[in-house]
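A structural walkthrough
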Amino acid sequence: MLRIVVCVSGGGTNLQAILDSIDNGTITNAEIAAVISNNANAYALERAREHGIPGICISPKQFENRDNFNTAFLDKVNSYQPDLIVLAGFLVVIPGMMIQEYRNRIINIHPSLIPSFCGKGYYGLKVHEGALNRGVKVTGATVHFVDEGTDTGPIILQHPVMVESEDTPETLQRRVMEQAEWKILPQAIDMIANGRIKVTDGKVVIAG
Ligand code: GRF
């Protein structure tokens, strides 16, 4: 059974997609041990608690410096003994020591087809503003392993989404969530939970 800790900062629709997928069998061999947020008001924490899952808030604001937060954050994550850490809209920089300790065991959902519209400054609506400003006809979402860079780790899954002529950043964000994020994040978790994902020479190899 794959033990998962999910890290969130906002509304938690990706967390909800994971919860629903475990409940309906789209994800097998996995359980969420805890949901951790830097934002006490994140509705994602409410979604967790409604599901009987511990919803924990730990924020850099609670600590006198970032190093103290990083140590406390890693200790809190470790206390749940996860096999996999899922970043689902988590807006806090992951400490280097956590990336080292959980090499290729931290995944992130990004709302574009990496390497487009990613990296520093590309998060939330800014990703979709970038896509619309460039005039791309196809965008999408990416699930990738987290490494020391920003949105630079090995790519696990991607899914395309058509951009429509009347799109605003908000309408595009919603379509990317509905058509891509909420599908490939649970799919990636199920593949990891069932041993189908390996990283070889920095590239993801999907078995079976
Ligand atoms: C999603 O758009 C995701 O791609 C990005 O942050 C947002 C999180 O939304 N990383 P939610 O909290 O899962 O609703």
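Presented here is an overview of the structure given in this document. (Residues numbered from 1 in each chain as written. Predicted model: local features only at pLDDT ≥ 70, side-chain atom pairs only at ≥ 80, totals over all residues. Heavy atoms only, no water.)

Digging into the overall build of the chain
Within the chain, the regular secondary structure consists of 6 helices and 9 strands. Expected size for 208 residues packed as a compact globule is a radius of gyration near 17 Å; at 16 Å, the chain falls within 12% of this value. By principal-axis analysis of the C-alpha atoms, the chain measures approximately 45 × 45 × 35 Å. Looking at the 208 residues of the chain, the share that counts as buried comes to 50%. Long-range pairs, those at least 24 residues apart, make up 63% of the contacts in the chain with a sequence separation of at least 6. Roughly 10000 Å² of accessible area belongs to the chain as shown, and the carbon and sulfur atoms make up 49% of that amount. Of the charged side chains in the chain, 18 are positive and 22 negative, and the gap between their average positions amounts to 3 Å. (Helix = DSSP H or I, 4+ residues; strand = E, 2+ residues; numbered from the N terminus. Rg over C-alpha atoms; globule rule 2.2 N^0.38 Å. Buried < 20%, exposed > 50% of the residue type's maximum accessible area, 1.4 Å probe, protein only. Contact = heavy atoms within 4.5 Å. Areas by Shrake-Rupley, 256 points an atom, 1.4 Å probe, with all protein chains shown as cover. Lys, Arg positive; Asp, Glu negative; His and termini not counted. Charge placed at Lys NZ, Arg CZ, Asp CG, Glu CD.)

Concerning the nonpolar core
Grouped together as the largest cluster of nonpolar side chains are 42 residues, with contacts concentrated most on Ile107 and Ile156. Here Ile156 is in contact with Ile107, Val143, His144, Phe145, Ala188, Ile192, Ile197, Val204 and Ile206, once residues within four sequence places are set aside. Of all hydrophobic cores here, the second largest spans 23 residues; its members include Ile85, Ile99, Ile106 and Val146. (Core = buried A, V, L, I, M, F, W, Y, C linked by side-chain atoms within 4.5 Å.)

A word on the pattern of salt bridges
Between side chains of opposite charge, pairing is possible as soon as their charged atoms come close. Under the counting rule described, the total for this entry stands at 5 salt bridges. The partner of Glu31 in a salt bridge is Arg3, and the shortest N-O contact between them spans 3.5 Å. Placement of Glu31 in strand E2 (residues 30–37) and of Arg3 in strand E1 (residues 2–8) is noted, with a sequence separation of 28 residues between them. Of the residues examined, Glu31 reaches a relative accessible area of 32% and is grouped as partly exposed. One salt bridge connects Glu164 with Arg175, and the closest N-O pair in it is separated by 3.2 Å. Taken together, the residues span a long stretch of sequence, with Glu164 in the loop between strand E7 (155–162) and helix H6 (169–193) and Arg175 in helix H6 at a distance of 11 residues. (Salt bridge = Lys/Arg side-chain N within 4 Å of Asp/Glu carboxyl O.)

Regarding the packing of aromatic side chains
If you walk through the whole model with that rule in mind, you get 4 aromatic pairs. Chaining the aromatic ring pairs together yields one cluster made of Phe63, Phe69, Phe73 and Phe90. (Phe/Tyr/Trp six-rings, centres within 6.5 Å; stacked < 30°, edge-to-face > 60°.)

Overview of H6
When the terminal C-alpha atoms of H6 are compared, their 33 Å separation across 25 residues agrees well with the 36 Å that a helix rising 1.5 Å per residue should span. Where H6 bends most, at Met177, the angle is about 45°. Count one or two residues on from H6 and you reach Gly195, which has phi positive near 65°. (Expected span 1.5 Å × (residues − 1). Bend = angle between axes of the 7 residues up to and from the residue.)

Considerations on the pairing of E1
Of all the 7 residues making up E1, 6 are buried; the element is thus mostly covered by neighbouring parts of the structure. With 7 bridges joining them, E1 and E2 adopt parallel strand pairing. Across the sheet, Val8 pairs through a bridge with Ser37, a residue of E2. Viewed along the sheet, the connection from E1 through helix H1 (residues 13–23) into E2 turns out right-handed. The sheet contact formed by E1 and strand E4 (residues 84–87) spans 4 bridges and is parallel. Across the sheet, residue Ile4 finds its bridge partner in E4, namely Leu84. (Pairing = 2+ DSSP bridges. Right-handed = clockwise from strand over helix to strand, strands pointing away.)

Brief notes about the site of the ligand
Near the ligand you find Gly10, Gly11, Gly12, Thr13, Asn14, Gly89, Ile109, Pro111, Met177 and Glu181, and these make up its full shell. Here Ile109 contributes a backbone N or O atom positioned 3.2 Å from a nitrogen atom of the ligand. Within the contact set of the ligand, an oxygen atom lies 2.7 Å away from a side-chain nitrogen or oxygen of Glu181. Here the ligand, which alone exposes 370 Å², has 87% of that area covered by the protein. Elements represented by at least two residues in the shell around the ligand include exactly H1 and H6. For the shell around the ligand, the residue count by class is 3 nonpolar, 6 polar and 1 charged. (Near = heavy atom within 4 Å. Polar contact = N/O pair within 3.5 Å; in protein donor to acceptor, adjacent residues only side chain to side chain. Nonpolar A, V, L, I, M, F, W, Y, C, P; charged D, E, K, R; others polar.)

What about the side chain of Ser9?
Tracing the backbone through its elements, the reader meets Ser9 in the loop between E1 and H1. Reaching out from Ser9, the side chain makes a polar contact with the backbone nitrogen of Leu91 at a distance of 2.9 Å. Residues contacting Ser9, with those up to four places away along its chain left out, are Ser37, Asn38, Asn39, Ala42, Ala88, Gly89, Phe90 and Leu91.

In short, the description is geometric, and any link to function would need to be established separately.
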